[in-house]
Amino acid sequence: MACGFRAATGDIIVMLDADGSADPAEIPAFVSALIAGADFAKGSRFVFDPGAGSDDITALRRAGNAGLNLVANVLFRSRFTDLCYGYNAFWRRVVPVLDLPLPSVERTENMQWGDGFEIETLINCRIAAAGLTITEVPSTELRRIHGETNLRTFADGTRVLRTLVAEWIRARRRGAAPDVAVGALTARG
């Protein structure tokens, strides 16, 4: 993602899963949220809206997401309804705020920090810690049409939890005030 974000030349970057579970027809709703003033349009399967939902999440993953979501909201004083969803859009000018590793950083065979599902959490935390305006956009996660999930519920959930704590510590060291971590979080619908 870091490579793609840096290579983007348009004003808006949209990130979505390539397995067919995200409906590209929803992109205009994300763009509308940005045009209406958001810095970051966060997809949510769980915002209270008939346009939100998931045909592909298990009860265990839903519960894990809810627990991690609660931790994020306490640590960052945010109001996320769906921390672990990767359908998002943001202005290209936001990329430096993400402070992702340079694409030239040499990788080894082992998974590196930020190489897994926790990258979505890392992005959400950094956007929140920067006090940017976040708008949640109702989204429906469809059943994947390509491939099989690579998600390892407990191992990846642990990586997400570690990311939350590490990003909270990072934000405090950088002087981000916890009460103003999220500029505004609104739901569209």
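Keep in mind the model is a prediction, meaning the values are calculated, not measured. (Residues numbered from 1 in each chain as written. Predicted model: local features only at pLDDT ≥ 70, side-chain atom pairs only at ≥ 80, totals over all residues. Heavy atoms only, no water.)

1. A look at the nonpolar core
Turning to step 1, where the next piece is worked out: Counting residues in each nonpolar core, the largest one holds 38 residues, and the members touching the most others are Phe 5, Phe 90, Ile 123, Ile 127 and Leu 164.
Turning to step 2, where the next piece is worked out: Not counting residues within four places of it along the chain, the set of residues in contact with Phe 90 comprises Phe 5, Asp 11, Ile 12, Ile 13, Met 15, Leu 34, Asp 39, Phe 40, Val 95 and Leu 98. (Core = buried A, V, L, I, M, F, W, Y, C linked by side-chain atoms within 4.5 Å. Buried < 20%, exposed > 50% of the residue type's maximum accessible area, 1.4 Å probe, protein only. Contact = heavy atoms within 4.5 Å.)

2. Quick look at the environment of Arg 159
Turning to step 1, where the next piece is worked out: By the element assignment, Arg 159 lies in helix α6 (residues 153-173).
Turning to step 2, where the next piece is worked out: The spatial distance from the C-alpha of Arg 159 to the C-alpha of Thr 121 is 9.7 Å, given a sequence separation of 38 residues. (Helix = DSSP H or I, 4+ residues; strand = E, 2+ residues; numbered from the N terminus.)

3. Topic: helix α3 (residues 59-76)
Turning to step 1, where the next piece is worked out: Along its 18 residues, α3 runs 25 Å from first to last C-alpha, staying within 8% of the 26 Å computed at 1.5 Å per residue.
Turning to step 2, where the next piece is worked out: Looking one or two places after α3, you find Arg 77, whose phi comes out positive at around 50°. (Expected span 1.5 Å × (residues − 1).)

4. Some remarks on a nonpolar patch on the surface
Turning to step 1, where the next piece is worked out: On the surface, Leu 161, Val 165 and Ile 169 cluster together to form a nonpolar patch covering roughly 210 Å² of accessible area.
Turning to step 2, where the next piece is worked out: The class of Leu 161 is partly exposed, set by a relative accessible area of 38%. (Patch = residues over 30% accessible without salt bridge, like charges linked within 9 Å, V, L, I, M, F, W, Y side chains within 5 Å. Areas by Shrake-Rupley, 256 points an atom, 1.4 Å probe, with all protein chains shown as cover. Salt bridge = Lys/Arg side-chain N within 4 Å of Asp/Glu carboxyl O.)

5. Some details on the side chain of Asp 82
Turning to step 1, where the next piece is worked out: Topologically, Asp 82 is positioned in the loop between α3 and β4 (88-91).
Turning to step 2, where the next piece is worked out: A polar side-chain atom of Asp 82 sits 2.8 Å from a polar atom in the side chain of Arg 45.
Turning to step 3, where the next piece is worked out: Residues in contact with Asp 82, not counting those within four places in the same chain, are Lys 42, Gly 43, Ser 44, Arg 45, Phe 46, Asn 65, Asn 69 and Glu 136. (Polar contact = N/O pair within 3.5 Å; in protein donor to acceptor, adjacent residues only side chain to side chain.)

6. Points about the confidence of the model for the protein
Turning to step 1, where the next piece is worked out: Model confidence for the protein is summarised by a mean pLDDT of 84, while 81% of its residues fall at 70 or above.
Turning to step 2, where the next piece is worked out: Confidence, expressed as mean pLDDT per element, reaches its minimum in the protein at strand β7 (residues 184-187) with 50 and its maximum at β4 with 98.
Turning to step 3, where the next piece is worked out: A low-confidence stretch, residues 177-184 stays under pLDDT 50, and its non-local contacts, those more than four residues away or across chains, total 23 contacts. (pLDDT = per-residue confidence, 0-100.)

7. A short note on the packing of aromatic side chains
To describe a pair of aromatic rings, you give the distance between the ring centres and the angle between the ring planes.
Turning to step 1, where the next piece is worked out: Summed over the entire model, instances satisfying the criterion amount to four aromatic pairs.
Turning to step 2, where the next piece is worked out: Aromatic pair Tyr 85 and Tyr 87: ring centres 6.4 Å apart, planes at 65°, arrangement edge-to-face. In terms of burial, Tyr 85 and Tyr 87 fall into one category: buried.
Turning to step 3, where the next piece is worked out: Taken together, the ring pairs connect Phe 5, Phe 40 and Phe 90 into an aromatic cluster. (Phe/Tyr/Trp six-rings, centres within 6.5 Å; stacked < 30°, edge-to-face > 60°.)

8. Side note on the pattern of salt bridges
Turning to step 1, where the next piece is worked out: For the structure on display, the rule yields eight salt bridges.
Turning to step 2, where the next piece is worked out: For Asp 99, the salt bridge identified is with Arg 170, shortest N-O distance 2.6 Å. Taken as a pair, Asp 99 in the loop between α4 (95-98) and α5 (118-129) and Arg 170 in helix α6 lie far apart in primary sequence, 71 residues in all.
Turning to step 3, where the next piece is worked out: Assessed through its relative accessible area of 18%, Arg 170 is described here as buried.
Turning to step 4, where the next piece is worked out: In this structure, Arg 126 engages Glu 167 in a salt bridge whose closest nitrogen and oxygen atoms are separated by 2.8 Å. On the criterion of sequence distance, the pair formed by Arg 126 in helix α5 and Glu 167 in helix α6 is long-range, its members being 41 residues apart.
Turning to step 5, where the next piece is worked out: Given a relative accessible area of 5%, Glu 167 falls into the buried group.
Turning to step 6, where the next piece is worked out: One network of salt bridges, with partners in common, ties together Arg 45, Asp 82 and Glu 141.

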